[in-house]
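Geometric and topological summary
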Amino acid sequence: MMDDILRALAAGEVIIGDGAIGTQLQARGLPAGVLPELWNAEHPELVTAVHHAYLHAGARIVTTNTFGGNRARLTSAGAADRLTELNRKGVELARAAADGRAWVLGDIGPTGHLLEPYGVLSIAEAEAIYREQVTVLAEAGVDAIAIETMNDIEEALCAVRMARAHTNLPVLCSFAFNAKGRTMMGLRPADAAQRAAEAGAHAVGANCGEGPAAIVAALTGMREAVDLPLIAQANAGVPQVGAEESTIWDVTPEQLAAHARAFVDAGARLVGGCCGTTPAHIAAVAAALAGAAAPH
Ligand SMILES: [Zn+2]
């Protein structure tokens, strides 16, 4: 049995996370605009290949391919009737790949809708959406719930509350900050961290956004507000459109790895990658942090 991930984080361990799943599936042929979660059922061998590549690179985390597996997103993709199937399958694939040697994080992303008063989604509706997905992920056997890429504090808090109320699992919550240190909704790192902690998150952090430097700044702001383990999952920079509509990510594995120590010094205890990162990025981060003890 693996130790509880919270115990490892509390002991000051630095855990290497995995990297992007969506962009890795696109590299394996997932067409733009197709929901990655559909491949849990249609191309399970390719989802498994991504998980294995990250484990081989040194990740001790397998994140389920369920980021868009909530009812709101699946409804937009015409797949709402497959919610239980796709989330369960995502957990099964991650669990099989982890094979007892890595923690399985049940991935939860935004609904894709704005909450009232900016949009039409009520708090009660957002809570129902998150309650449904966290329940399916927990019943399928994840080790923790990872709420990611949040912009709106109220939406993030709906997810944190539901994960705490309807599972007994550790809850991680991270937000996407831009280079100016705000989320798209104007949220600051310190406020995000404090309110997520008050709602019961066990670890908070920054993921996605605009590259590694923005992550360091965001963690520094969070560290002033909370004393929780922090999460750092940077994008490989800001995507640029290349030839034939291809997406180019401009942060190399070496450049990401050069920031790994700064992430840890800023309080990060889980260091992985987000959009555009590859197994090579994770391998470089793992090498940079090999034998690195967390500062006291
Ligand atoms: Zn991302």
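Up top is the structure.
Residue positions within a chain follow its written sequence, with the count starting from 1. Note on the predicted model: pLDDT of at least 70 is required for a residue's local features to be given, and 80 or more for side-chain atom pairs to be given and counted; whole-chain, interface and lining totals, by contrast, use all residues. Derived side-chain values reflect all non-hydrogen atoms in the structure, with water molecules and hydrogen atoms excluded from consideration.

**What to know about the coordination of the zinc ion**
Coordination partners: N, O, S within 2.8 Å of the metal, 3.2 Å for Na, K and Ca; water not considered, so apparent gaps in a site are possible. Within the protein, the zinc ion binds to Cys208 (SG), Cys274 (SG) and Cys275 (SG); these donor distances fall in the range 2.2 to 2.3 Å. Read in sequence order, the donor residues for the zinc ion give the motif C-x65-C-C. Buried means the residue's accessible area, taken with a 1.4 Å probe over protein chains only, is under 20% of the maximum for its type, while exposed means over 50%, and partly exposed covers the values in between. A relative accessible area of 28% places Cys275 in the partly exposed class.

**Examining the sheet that holds strand 7 (residues 230-234)**
With respect to topology, eight strands assemble into an open sheet ordered 1-10-7-6-5-4-3-2, the strand pairing being parallel. Of all the strands in the sheet, just strand 1 (15-16) and strand 2 (61-63) have a single pairing partner and so form its edges. Pairing of strand 5 (residues 171-175) with strand 6 (residues 203-208), which is carried by four bridges, proceeds in the parallel orientation. Within strand 6, the residue paired with Phe175 across the bridge is Ala206. Contacts were defined at the residue level, with two residues in contact if any of their heavy atoms lie within 4.5 Å. For helices, the axis comes from a line fit to the C-alpha atoms of the stretch in contact; other axes are also lines fit to C-alpha atoms, and the angle between any two N-to-C directions lies between 0 and 180 degrees. Secondary structure elements follow DSSP: runs of H or I no shorter than four residues count as helices, runs of E no shorter than two count as strands, and numbering proceeds from the N terminus. Relative to strand 7, helix 10 (residues 212-225) is tilted by about 165 degrees, and along the sheet it contacts strand 5, strand 6, strand 7 and strand 10 (268-273). For two strands to be treated as a pair, DSSP must find at least two bridges joining them.

**Structural notes on unusual backbone geometry**
Each neighbour pair has its own omega, and for Glu116 with Pro117 the value is 5 degrees, a cis peptide bond. With respect to the helices and strands, the residue Pro117 is situated in the loop between strand 3 (103-108) and helix 7 (123-140). Of note in this structure, Asp99 is not a glycine but carries a positive phi near 50 degrees. Mapping Asp99 onto the fold places it in the loop between helix 6 (83-98) and strand 3. The class for Asp99 is exposed, based on a relative accessible area of 53%. For Thr149, which is not a glycine, the phi torsion comes out positive at approximately 60 degrees.

**Focus: the packing of helix 4 (residues 44-57) against helix 6**
Contact geometry of helix 4 with helix 6 gives a least axis separation of 9 Å together with a crossing angle of 40 degrees. What the angle tells us is that helix 4 and helix 6 run oblique. Here helix 4 runs over helix 6; the crossing is right-handed. Contacts from Pro44, Val47, Thr48, His51, His52 and Leu55 in helix 4 reach Lys89, Leu93, Ala94, Ala97 and Ala98 in helix 6. Geometric relationships in this document are graded by angle, where less than 35 degrees denotes roughly parallel, more than 145 denotes roughly antiparallel, 65 to 115 denotes roughly perpendicular, and other angles denote oblique. Two helices cross in a left-handed way if the nearer one is turned anticlockwise from the farther one by less than a right angle. They cross in a right-handed way if the turn is clockwise.

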